[in-house]
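A look at the structure
So you can see what is in the structure, the chains are spelled out below.
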Amino acid sequence: MKCYYYDATPNVGDELNRHLWLKVLSPDLFSDDSRVGFLGVGTLLGEDFCKRLSDCERIVVFGTGAGYGRLPVIDSRWDIRCVRGKQTAHAIGADERLAIADAAYLLGTLDWCSPSSGPIVVIPHHASLAYIDWDTVCQQAGLTFLSPALPVEEFLGKLAGARLVLTEAMHGAIFSDIARIPWVPFRFGPHFLESKWHDWSQMFDLSPTMLKADAFYDPASCYVEEGSAFHAKRRVKSFLARAGMGKKRWLKQMPPGDVRGEAGKRLARFLQQLTKERAYLSGEQIFKERVAKLYEALAALSKQYGVASRELSGPLIRVFD
């Protein structure tokens, strides 16, 4: 098989694919020359992404989600083993019983050793990193910035030491849930896709409320090549859109704001307020049930393709040995 995942920008949820499948399935199963495609962790069931699988004779889906753009045509080549949630199953016309969990929950059998006295960390969506200096905002709020663009081993190691997670990134919430660390979701930028959160969280009897921060970008780090007239024009368009005027696409234009100015202070106060909001964590029983079902599906997959599979155990660090 050849594992396909988003690799255009660094993102910990996508990068997990490089490590996870070589640990739970035989490394001999994977080859870049294979005509069998494998879709694992990620929101990958979109027409645009799946164009890269056009030459595949077989496409295996395990714990993947839908949500971005039009769906691919699901034909006889597709071997749907399990998907992230019921919304995905319904969207692609799969049996609802194949809705189990995000494939990252295969990490749920590991020892994360999560202490309760660590820092409160903030994980933005990877696309939000381009807009502002999150480290500075988090310092203003007295919180710890954790970038989803870090290498997966470093990211998970730092996450495992947190006592609370504030996250715009869905896989920030998923990894926190796996580590049994309470998490609070929020939304900041126009790239946020709430539907995929519900696709995942409903499988764990969770219905998180997404609190929205005032979104802006910092001209000192975003669109730095543009002059003051450009930023002023964006400010006007953003103001008009929020007042119900102008073009619909203007709603996606975030107004300028300096992270060291009032906009940054508002975001810092918002993050501080989030620490007092309701935190989420899936119940222990349903957590164990979902993890067990993923491993059942993995065993069935390995049997079908004649390769060995194994359940992860021991310290988290072993995934990266």
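Keep in mind that this is a model prediction, so the values were computed, not measured.

A few words on helix α9 (residues 228-242). Three or four residues apart is the spacing at which side chains of an α-helix point the same way, because the helix has 3.6 residues per turn. An ideal rise of 1.5 Å per residue puts 21 Å on 15 residues; α9 measures up with 21 Å between its terminal C-alpha atoms. Gly-244, located one to two residues past α9, shows a positive phi value of around 85°.

A word on the nonpolar core. One finds Trp-21, Leu-39, Phe-62 and Leu-107 to be the most contacted residues of the largest nonpolar core, which totals 81 residues. It is helix α11 (residues 284-304) that contributes the most residues to this core, 8 residues altogether. When near neighbours in sequence (up to four residues on either side) are disregarded, Phe-62 contacts Trp-21, Phe-38, Leu-39, Gly-40, Arg-81, Cys-82, Ala-103, Leu-106, Leu-294, Ala-297, Leu-298 and Leu-301. Of all hydrophobic cores here, the second largest spans 27 residues; its members include Ala-141, Val-184, Phe-188 and Val-259.

What follows is about the side chain of Ser-302. Secondary-structure assignment places Ser-302 in helix α11. A polar side-chain atom of Ser-302 sits 2.8 Å from the main-chain carbonyl oxygen of Ala-299. For Ser-302, the residues in contact, after removing those within four places along its chain, are Leu-25, Val-307, Ala-308 and Ser-309.

Moving on, we come to the sheet that holds strand β2 (residues 36-39). The strand order across the open sheet formed by 4 strands is β1-β2-β3-β4, and the pairing between neighbours is parallel. Only two strands of the sheet have a single partner each, and these edge strands are β1 (2-4) and β4 (78-83). When strand polarity is set aside, the average angle formed by the axes of neighbouring strands in this sheet is 20°. Here strand β3 (residues 58-64) runs beside β4; their pairing, made up of 5 bridges, is parallel. Each residue of the ladder has a partner; that of Val-60, found in β4, is Asp-79.

Quick look at the sheet that holds strand β9 (residues 211-212) now. The sheet built from 5 strands is open, its strands ordered β6-β5-β7-β8-β9 with parallel pairing. The strands lining the two open edges of the sheet, one partner per strand, are β6 (144-145) and β9. The pairing of strand β5 (residues 120-123) with strand β7 (residues 164-167) spans 4 bridges and is classified as parallel. Across the sheet, residue Val-121 finds its bridge partner in β7, namely Val-165.

The next point concerns the state of the cysteines. Simply put, the disulfide is a covalent bond whose two ends are the sulfur atoms of two cysteines. Taken as a whole and judged by the stated rule, the model has 0 disulfides. Here Cys-3 is not disulfide-linked; the sulfur of Cys-56 is the nearest cysteine sulfur, at 11 Å. Of all cysteine sulfurs, the one in Cys-56 lies closest to Cys-50, which takes part in no disulfide; the gap is 9.6 Å.

This next bit is on the environment of Lys-303. Structurally, the position occupied by Lys-303 is in helix α11. Taking C-alpha positions, Lys-303 is 18 Å from Gly-40, a pair spaced 263 residues apart along the chain.

What counts and how
- Residues numbered from 1 in each chain as written.
- Predicted model: local features only at pLDDT ≥ 70, side-chain atom pairs only at ≥ 80, totals over all residues.
- Heavy atoms only, no water.
- Helix = DSSP H or I, 4+ residues; strand = E, 2+ residues; numbered from the N terminus.
- Expected span 1.5 Å × (residues − 1).
- Core = buried A, V, L, I, M, F, W, Y, C linked by side-chain atoms within 4.5 Å.
- Buried < 20%, exposed > 50% of the residue type's maximum accessible area, 1.4 Å probe, protein only.
- Contact = heavy atoms within 4.5 Å.
- Polar contact = N/O pair within 3.5 Å; in protein donor to acceptor, adjacent residues only side chain to side chain.
- Pairing = 2+ DSSP bridges.
- Axes fitted to C-alpha atoms, helices over the stretch in contact; angles between N-to-C directions.
- Disulfide = S-S within 2.5 Å.

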